[in-house]
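Analysis of the macromolecular model
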Amino acid sequence: MNYLSERRLGPMAERQLRVGVIGAGMAGIMAVIKLREAGITDVTCYEKADSVGGTWRENTYPGIACDVPSHVYSYSFAPNPDFSRMFSPGSEIRSYFEDVADTYGVRPYLRLGDEVVRAEYENGCWTIETASGHRAEVDVLIAATGVLHHPQYPSIEGIDDFDGAIFHSARWDHDVELEGRRVGVIGTGSTAIQITSALVDRVDRLDLFQRTPQWVMPMANTPFSDDQKATFRDEPEKLRELRDFLETAFAESFADAVVDAESERLDEIEATCRANLEEHVADPELRRLLEPDYRAACKRLVVSEDFYDAIQRPNAELVTSPITRIEPGGIRTDDGQLHELDVVVLATGFRVDRFMRPTEILGRGGESLEDAWADGPVAYLSISIPEFPNLFMLNGPNGPVGNFSLIQVAELQMAYIMQLIDRLRSGESTEIYATESAMREYEDRRIEAAQSTVWVTGCNSWYLDEHGVPAAWPWPFGHFREVMETPELEAYNLR
Ligand code: NAP
């Protein structure tokens, strides 16, 4: 046990907890590290895939990168001086998580290739069942199952009749030849924009099927020189300074702006995007087609330094006539045209309301999560669900999914969860779960505050739930940090 956890727990600490973590992506790896640091040794991290990395393992499409600067999109405790660029490619981010899993001794705690299919709370503990039939009992369950995880397949007539290759962007088929082929990309989210830029010069023709235009924030993706990387390695405080600077800049320029639709900063973001469109798209008709009729950052802001160049290449076409159906030879649009294609990429996003599901989760008295979330996923502070004791979520429902680095979010949430876990270890409590009233009161405040955000200013996006309420944290980053500092125990049932 390290000094910190000893200090937190005091000399009375005695209960040895068994902890199960579901998911070995960014959040799950960090959870294992933090549990181990606190001296909890009976930890198993269940991962359905054969390797770690979560979204960075699953998304391997051409051009994949993160639009949060790499030195912010990395753990605070594991800075990486070797990131190649300001926004590093997905493969590098995946390697980073693999390296952290090695360096921090996470591997022995992993159970790979075994999906948790059921978890039931009874007699003070969770019984976990996996797809292979393995069963285990744990005292605490941490769900680190990700947000953008389950592909959203569009329901387009004829989708199964296509003669060529067709796949979702998160299920990229690397056996499919792209060079010299006619490729159609459906969607204009961050994913489709990155794919377009990466593919246009490799393929014979690229048709981008746009249902809704996107604002595009230009952002130079500067490489770090060998000298800079050496400095980051030799003088870690320089790397820390860069991280601090980027964190503050990101919070002030973006995170705090999106939650205040009246902010000047939001107007500046839009002015920058508008100037980007005007400066980089020469043809007025193409410009008109690419210009959104909603406010910048209402949908997740797309970041790209080369998308407008890509879509103006002679072999690229922006298709704005709606898709009628998919036929064996290509995509038919409402204007009657058949866009003949060899490959179709469905960059159509994710089902963001799933979280740990389809895992069957049964809380106190056999209540199922499916029933508890019949009206949509909710949790107190995104972390705890009434009637589901000793179950804590990282990046759970209605959290800061579109505001800050999800790694920062998960780290702050984990520090908060560790304080609840400490109560279980010290024997002060055996069961902890949010009260229904705390969750409702929190939800009421959150929904009201969401009305001041840019996400409700007149666009459709994956941030909005089925009632049109942003499923997101509607306050500035500083407030999130404050709230995560110390749990308010009166919000919990503590037994
Ligand atoms: P997305 O933002 O949800 O975009 C999905 C796109 O598919 C939208 O343009 C949508 O059109 C379109 N679409 C969906 N169904 C359709 C249909 N039936 N017919 C035609 N078009 C259809 O998904 P994403 O691009 O995968 O991005 C999801 C999130 O992942 C991003 O918002 C971001 O948070 C994250 N991400 C980040 C990066 C990065 O860091 N750079 C990269 C990729 C993803 P409508 O707009 O009309 O609905």
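Here is what the cut-offs are and how they apply
- Residues numbered from 1 in each chain as written.
- Predicted model: local features only at pLDDT ≥ 70, side-chain atom pairs only at ≥ 80, totals over all residues.
- Heavy atoms only, no water.
- Salt bridge = Lys/Arg side-chain N within 4 Å of Asp/Glu carboxyl O.
- Helix = DSSP H or I, 4+ residues; strand = E, 2+ residues; numbered from the N terminus.
- Buried < 20%, exposed > 50% of the residue type's maximum accessible area, 1.4 Å probe, protein only.
- Axes fitted to C-alpha atoms, helices over the stretch in contact; angles between N-to-C directions.
- Parallel < 35°, antiparallel > 145°, perpendicular 65-115°, else oblique.
- Contact = heavy atoms within 4.5 Å.
- Nonpolar A, V, L, I, M, F, W, Y, C, P; charged D, E, K, R; others polar.

1. Observations regarding the pattern of salt bridges
Following the criterion strictly, the structure yields 45 salt bridges and no others. For Asp82, the salt bridge is made with Arg233, and the minimal N-O distance between the two is 2.4 Å. Of this pair, Asp82 sits in the loop between helix 3 (55-58) and helix 4 (90-103) while Arg233 sits in helix 6 (residues 226-234); the two residues are 151 residues apart in sequence, bridging distant segments of the chain. Overall, the relative accessible area of 40% leaves Asp82 in the partly exposed class. We classify Arg233 as partly exposed; its relative accessible area is 44%. For Glu247, the salt bridge is made with Arg243, and the minimal N-O distance between the two is 3.2 Å. You can see Glu247 and its partner Arg243 sitting in helix 7 (residues 236-258), four residues apart, about one turn around the helix. In this structure Arg243 comes out as buried when scored by relative accessible area, which is 5%. Bridged by salt links that share partners, the residues Glu47, Lys48, Arg57, Glu58 and Arg171 form one connected network.

2. A short note on the packing of helix 6 against helix 7
In helix packing, the relevant descriptors are the interaxial angle and the interaxial distance, both defined with respect to the helix axes. Their axes nearest at 4 Å, the elements helix 6 and helix 7 cross at an angle of 105°. Our classification of the angle between helix 6 and helix 7 gives roughly perpendicular. On the side of helix 6, the interface is formed by Thr231, Phe232, Arg233 and Asp234, while helix 7 contributes Pro236, Lys238, Leu239 and Leu242. Within the contact of helix 6 with helix 7, the residues separate by chemical class into four nonpolar, one polar and three charged.

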